[in-house]
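# Fold and geometry: a report
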Amino acid sequence: LESGGPLLLKKMLDIVMDVDDAALRSLAQSFQDLRMKDVPGENVGTVVSYLNKGALLLLQNCSAVPTDTMDLLNNVMSSTDCQDFTNCMKSIYFVSKRTSTAGGYMEYLDSAESEYRTLYRKGKWTKAAINQDSGFVGDEEETDGDGFTGGGYSGRGRGRGRGGDRGRG
C-alpha cells in the first residue's frame, strides 16, 4: 500500500465507487421508464444532463450499460410532443443503427441537446412556452412594455453611476 501507483488508485476507486447490483438495476429501470412528458416543459437539457452526467456515466463506469441503450434513448427522445424534434432524433437514431458505432449514445445526446436549443430559439418548442409556473414570469398587464415590472428599466448594468460611468458618481 505504501508504494502507491495505479494499482492502489484502482483499489481506492473500487472502494469509493462501490455500487451494489440492486442500485444499478434500479438506475437502469428508471432509465427505461423515463419519458420526456414526465419532465416539466419536456426540457431536453434536463434529461440529457440526467442521462449524460449521471445515469449513463455511472452505468458505464460499472460496466452495466444496457445493450439496447440507443433504443432506450430513442424511446425517451421520441416521447416529446414536438414533432420536429422527434423526426430529427429518429433520423439520427436510424443512421446510428446503420453505422453501429460503439458508444454513439453520447453523440446522440449531444445532438438531442443541440436540436432542442435550436428549436427552442426558433420558438418551435411549444412545451416551454406553456409551462409558465416560475415566479419570475408576470402578467403582461403588469409589465412596463420591456418585460420588466414597475419602475422601468434603465438598461445600465451593475456598478454604473448616474451617467453610466463606473465609479464617477
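For the structure itself, consult the block above.
Residues numbered from 1 in each chain as written. Predicted model: local features only at pLDDT ≥ 70, side-chain atom pairs only at ≥ 80, totals over all residues. Heavy atoms only, no water.

## Some points on the nonpolar core
Val44, Val47, Leu51, Leu56, Leu73, Met77 and Phe85 are the most contacted members of the largest nonpolar core, which has 30 residues in total. Of all elements in the fold, only α2 (21–33), α3 (44–61), α4 (69–77), α5 (83–99) and α6 (105–121) reach the threshold of two or more residues within this core. Excluding anything up to four places from it in sequence, Leu56 contacts Phe31, Leu51, Val65, Thr69, Leu73, Tyr105, Met106 and Leu109. (Core = buried A, V, L, I, M, F, W, Y, C linked by side-chain atoms within 4.5 Å. Buried < 20%, exposed > 50% of the residue type's maximum accessible area, 1.4 Å probe, protein only. Helix = DSSP H or I, 4+ residues; strand = E, 2+ residues; numbered from the N terminus. Contact = heavy atoms within 4.5 Å.)

## What to know about the side chain of Thr80
Tracing the backbone through its elements, the reader meets Thr80 in the loop between α4 and α5. Polar side-chain contacts of Thr80 include one of 3.1 Å to the side chain of Thr86. Excluding its chain neighbours within four sequence positions, the residues that come into contact with Thr80 are Met36, Lys37, Glu42, Phe85, Thr86 and Trp125. (Polar contact = N/O pair within 3.5 Å; in protein donor to acceptor, adjacent residues only side chain to side chain.)

## Brief notes about the pattern of salt bridges
One pass over the full model with this rule turns up three salt bridges. Where Asp81 meets Lys37, a salt bridge forms, and the shortest distance between an N and an O atom there is 3.6 Å. Here the residue Asp81 occupies a position in the loop between α4 and α5, and Lys37 occupies one in the loop between α2 and α3, the gap between them amounting to 44 residues. On the basis of relative accessible area, Lys37 is assigned to the exposed category, the value being 53%. (Salt bridge = Lys/Arg side-chain N within 4 Å of Asp/Glu carboxyl O.)

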